[in-house]
Amino acid sequence: MTEELTELATEAYVVGFPLVFDLEQVVRFVEEGIGSVPPTPFNVFGHARELAGPDDTFVSINNDTVYSIAQIDLGVGPIRLSVPAAGDRYHVLQFVDAWTDNFAYVGTRATGGAGGEFLLLPPDADQPDETASGVRAIRFPTRVGTIVGRWAVDGEDDLPAVHALQDALTLTPLHQTLVPPEGVPAAPSGRGEALDFFEKLRVWSQAFPPAERDRPALESYAPLGLLSPYPLAEQPESVRAALTDGYALGKEALESALRTAGTVVDHWQTDLHVFDYNLDFFEIGAIDSPEWKLTDPRTRYAHRAGAALGGLWGNHAYEAAYIMTYEDAAGEPLSGDRTYRLRLSPTPPVGAFWSLTMYDLPRYYLVANPIGRYSIGDRTRGLEYDDDGGLTITMSATRPADEKAAANWLPAPTGRFRPILRLYQPGAEVLDGTYAIPAIERVG
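Cut-offs applied
Residues numbered from 1 in each chain as written. Predicted model: local features only at pLDDT ≥ 70, side-chain atom pairs only at ≥ 80, totals over all residues. Heavy atoms only, no water. Helix = DSSP H or I, 4+ residues; strand = E, 2+ residues; numbered from the N terminus. Rg over C-alpha atoms; globule rule 2.2 N^0.38 Å. Buried < 20%, exposed > 50% of the residue type's maximum accessible area, 1.4 Å probe, protein only. Salt bridge = Lys/Arg side-chain N within 4 Å of Asp/Glu carboxyl O. Core = buried A, V, L, I, M, F, W, Y, C linked by side-chain atoms within 4.5 Å. Pairing = 2+ DSSP bridges. UniProt positions renumbered as here; feature names shortened; annotations may be inferred. Contact = heavy atoms within 4.5 Å. Axes fitted to C-alpha atoms, helices over the stretch in contact; angles between N-to-C directions. Parallel < 35°, antiparallel > 145°, perpendicular 65-115°, else oblique. Left-handed = near helix turned anticlockwise from the far one by under 90°.

Focus: the overall build of the chain
Assigned secondary structure in the chain consists of 10 helices and 19 strands. Radius of gyration (C-alpha) of the chain: 22 Å, near the 22 Å computed for a compact globule of 444 residues. C-alpha atoms of the chain, sized along the principal axes, occupy 65 × 60 × 40 Å. Put simply, the chain has 444 residues, and 55% of those count as buried.

Details of the pattern of salt bridges
A complete count under the given rule lists 25 salt bridges for this structure. The partner of E319 in a salt bridge is R109, with the nearest N and O atoms 2.5 Å apart. Residue E319 is located in the loop between α8 (297-311) and β12 (320-324), and its partner R109 is located in helix α2 (residues 108-111); the two are separated by 210 residues in the primary sequence. Classification of E319 as buried rests on a relative accessible area of 1%.

Observations regarding the nonpolar core
Of all hydrophobic cores here, the largest spans 106 residues; its most connected members are F198 and M395. Sort the elements by how many residues they give to this core and helix α1 (residues 2-31) lands first, with 14 residues. Grouped together as the second largest cluster of nonpolar side chains are 28 residues, I72, L81, I138 and F140 included.

A look at the sheet that holds strand β16 (residues 391-396)
As summarised here, the arrangement of the 4 strands in space is β17-β16-β13-β19, forming an open sheet in which the pairing is mixed. This sheet does not close on itself; its edge strands, each paired only once, are β17 (409-411) and β19 (441-442). Of the pairings in the sheet, the one linking β16 to β17 comprises 3 bridges and is parallel in character. Note on β17: the bridge partner recorded for S396 is P411.

Quick look at the UniProt feature "domain: DUF1214" (unreviewed entry) in the chain
The sites that carry the UniProt feature "domain: DUF1214" (unreviewed entry) are, in the present numbering, residues 319-427. Helix makes up 5% of residues 319-427 and strand makes up 34%, while its end C-alpha atoms are separated by 10 Å.

Comments concerning the side chain of Q166
Note on placement: Q166 falls in helix α4 (residues 159-167). Classification of Q166 by relative accessible area gives buried; the value is 0%. Discounting chain neighbours no more than four positions away, the residues touching Q166 are H47, A48, R49, V66, Y67, S68 and W151.

A word on the sheet that holds strand β8 (residues 144-152)
Pairing is antiparallel in the open sheet, where 5 strands are placed in the order β1-β2-β8-β4-β5. Strands with a single pairing partner mark the edges of an open sheet, and in this sheet they are β1 (45-47) and β5 (102-107). For this sheet, the mean angle separating the axes of adjacent strands, direction not counted, is 20 degrees. Running at roughly 100 degrees to strand β2 (residues 65-73), α1 makes contact with β1, β2, β4 (91-97) and β8 of the sheet.

Quick word on the pairing of β4
Taken residue by residue, a regular strand's side chains alternate between the two faces of the sheet. Counted residue by residue, β4 has 7 buried out of 7 residues, so it is predominantly covered. Burial along β4 is two-sided: the residues H91, L93, F95 and D97 and V92, Q94 and V96 are all buried. Both β4 and β8 contribute to a ladder of 7 bridges, which runs antiparallel. Paired with D97 across the bridge in β8 is G145. Pairing of β4 with β5 involves 5 bridges; the strand directions are antiparallel. Among the inter-strand pairings, V96 is bridged to a residue of β5, identified as N102. Remark: 4 residues form the turn of the hairpin made by β4 and β5, two consecutive strands paired antiparallel; T100 in that turn has positive phi of roughly 75 degrees.

Concerning unusual backbone geometry
Here the bond from S345 into P346 is cis, since omega is 5 degrees, no more than 30 degrees from zero. Looking at the secondary structure, you find P346 in the loop between β13 (340-344) and β14 (354-360). The peptide bond linking L361 to P362 adopts the cis configuration, its omega dihedral lying at 5 degrees. Relative to the assigned elements, P362 resides in the loop between β14 and β15 (375-377). The backbone of W313 shows a phi angle near 65 degrees, a positive value even though the residue is not glycine. As for its placement among the helices and strands, W313 is situated in the loop between α8 and β12. At Q425, a position not held by glycine, the phi torsion is positive, near 50 degrees.

Structural notes on the packing of α1 against helix α7 (residues 237-258)
Two numbers describe how α1 lies on α7: the axes approach to 7 Å, and their chain directions differ by 50 degrees. Regarding the angle of α1 to α7, the classification is oblique. When you trace α1 past α7, the crossing you get is right-handed. Contacts from T2, L5, T6, A9, T10, Y13, V14 and F17 of α1 reach α7 at S238, V239, A242, L243, D245, G246, Y247, L249, G250, K251 and L254.

As structure tokens, this is what we get:
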């Protein structure tokens, strides 16, 4: 029986990880802020005024855009979202529910550059007449959700124009009240890392029910006390021991699976479907089509958990593709005490822009370096292109002596690292797999 409970707890960890990890970041954002985005209450946008750097301690944060992020609590009723006209500037507002489903998009690809008015609805609200008011509705699958806004920035002198757009991005509740939003309910804590995790899963899964298809999985965890209204401290010792063991096994399995996720081509993990686990909620800008759905129930939960751990609040590939690697052409781990070369010829086909960003391991944070360069791409100034129009990028912890290599240098940490290639509005050649990214070659 103990072995069965441990196996069940291991599964519960993987299924519940996205909810817990996401809502921990929601609480962190409201109470502490994230990186350069200051603490911001529910239903208000917080803005990063500078591009992200190593002080922005968030998993795989990008260095291409500035963020405008809002934690939404629709317990206060419908909220009006006003989006300013951004013209041809790339921008996206990505909508993420508490279980990390990307369920709507507003911005360049989804709705164009003219801006607009949108009405954010709680899960159980009546559908308004959109045509009469000119306001488009977006229904949230869970009471609490996140809007992750990204604005492309073309250098420091472009920031004032972006700041004006950020300031024009507003949220207005339809019903005014002096009662603050409920937010994320508190869960019992102080029982150790494992039991604290499962307490959050117990409390938060009841406060934020998942899609109907996912409820049987949660119901199967009743023997672990995860459906109970009472703290896990009141469960038998055998259950608490199984939760502790299952937490360790699930965590180890998830971290291991993350390194081998997706299709590996020339040592690059090309998982264009890493965020395709949403099968139920499709609002504005979210593509409801079979090629963007992971339907295999045996792998979908693990896929979702890995996506949260490796890139929380990442976009669908049709909005932005994420391609990453941990190793060089010889299959050896990438490490900053060596020198590497990546030649992109041709450079990636995109509708917006592309970048290669450096992250350390195991935190997946940006890397401090003497030239303050955290990513390199088609908008990076001062690059030296090859005669055929390709680009050769050098990665190392120490600055290259060769002038061209130094111009195209992406600084690495002294230890292990993982770069991510981001392709915003990727071209058809990326999505159908015909565009090939060569392996990173060790040259020193």
